[in-house]
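# Architecture at a glance
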Amino acid sequence: MTLLPLAILLTLLHFPLVFSSPLSSLNGTSAITLDIADSSSSNSTRSLWKIIWSCVATLFACTWTAIHPNIPGMRERKFAVMSRRLGIMMMALIAPELMITWAASQFLSAYKTAKAFNDAFGPPLHQALGWTVTHGFFAWMGGFKLYVNDEPRSTLTPDELLGFVREGSVELPVIVKADIEDRSKGDALSKGIAIFQLVWFAVQLAVRYFQNLPMSLLELDTLAVAVLTSIAYGFWLKKPKDVGLPHAVDWKATASPPSELTYEYVINIFG
């Protein structure tokens, strides 16, 4: 758990631990304070709002870019989708180590799924498709939706899809990595802006460190959260971002309809 909420509170309360500019007191001793006014142009004295704005911009850029939510469910509304995204952002800010664990777990699951499909269907799959980690991520994030008699039935888990393909109830989905990446909305511009903001923020703190200038607790905690969020982003690097629609998988008319599916009766608690 990070100290970000405490750092923000202490900054707003003008607590000495987060004051950021050195001034000499009347008795010759050194005291650390923070100038709230925006009129100062000194490199060693910054206003409270400049510190807060710099930290907020860095945190937002890093968390918004790093988060790779799953594909919305069949009955999931926009409010639920946005609520889930905001919840993940809060987790990234308060407990980034949990997001790293979650991202690493998703990466391992995606890798195992890709390997399972490649091992199950052998050379024909490698020649026609060749499942990658991106395919594994796409399967785990709800990328394949089952249609029975041209009607949407349920999102398939990777295990269900693999089992139905082995049984011959559905055809193996033919979707190449480029098609999956084309569905992703993670553009280079947003990533570039996030990287620039993080590098700029880190360079600022590095310069203040080498010049023996004080830094606020909020800035230090922001840097820690940004670094941890970047680690999570590394695990999600091959995961498609903000995909809106899954790939359709048609149930064969000759096969009996499935009796039970994992996500068929999942109720959206957000309405």
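Residues numbered from 1 in each chain as written. Predicted model: local features only at pLDDT ≥ 70, side-chain atom pairs only at ≥ 80, totals over all residues. Heavy atoms only, no water.

### Topic: the overall build of the chain
Along its length, the chain carries nine helices and five strands. Moving toward the C terminus, one meets the helices and strands of the chain in the order α-β-β-α-α-α-α-β-β-α-α-α-α-β. Counting contacts in the chain only where the partners sit at least 6 residues apart, residues at least 24 apart contribute 71% of the total. Carbon and sulfur atoms form 65% of the exposed surface of the chain, whose accessible area is close to 15000 Å². (Helix = DSSP H or I, 4+ residues; strand = E, 2+ residues; numbered from the N terminus. Contact = heavy atoms within 4.5 Å. Areas by Shrake-Rupley, 256 points an atom, 1.4 Å probe, with all protein chains shown as cover.)

### A short note on the nonpolar core
Residues Phe138, Phe144, Leu146, Leu161 and Val170 are the most contacted members of the largest nonpolar core, which totals 22 residues. If you list the elements that add at least two residues to this core, you get α4 (96-128), α5 (133-140), β3 (144-148) and α6 (158-167). The greatest single-element share of this core, amounting to four residues, is contributed by α6. The contact partners of valine 170, leaving out residues within four places of it in the chain, are Leu146, Leu161, Phe164, Val165, Val249, Asp250, Trp251 and Lys252. (Core = buried A, V, L, I, M, F, W, Y, C linked by side-chain atoms within 4.5 Å. Buried < 20%, exposed > 50% of the residue type's maximum accessible area, 1.4 Å probe, protein only.)

### As for the pairing of strand β4 (residues 151-155)
Pairing of β3 with β4 involves four bridges; the strand directions are antiparallel. Counted as the bridge partner of tyrosine 147 is proline 152 from β4. Where β3 hands over to β4, the hairpin turn is made up of two residues, of which asparagine 149 adopts a positive phi near 55°. (Pairing = 2+ DSSP bridges.)

### As for the confidence of the model for the chain
Overall, the prediction assigns the chain a mean pLDDT of 79, with 77% of residues at 70 or greater. Note that residues 29-42 has pLDDT below 50 and, in this model, 39 contacts with residues that lie over four places away or in other chains. (pLDDT = per-residue confidence, 0-100.)

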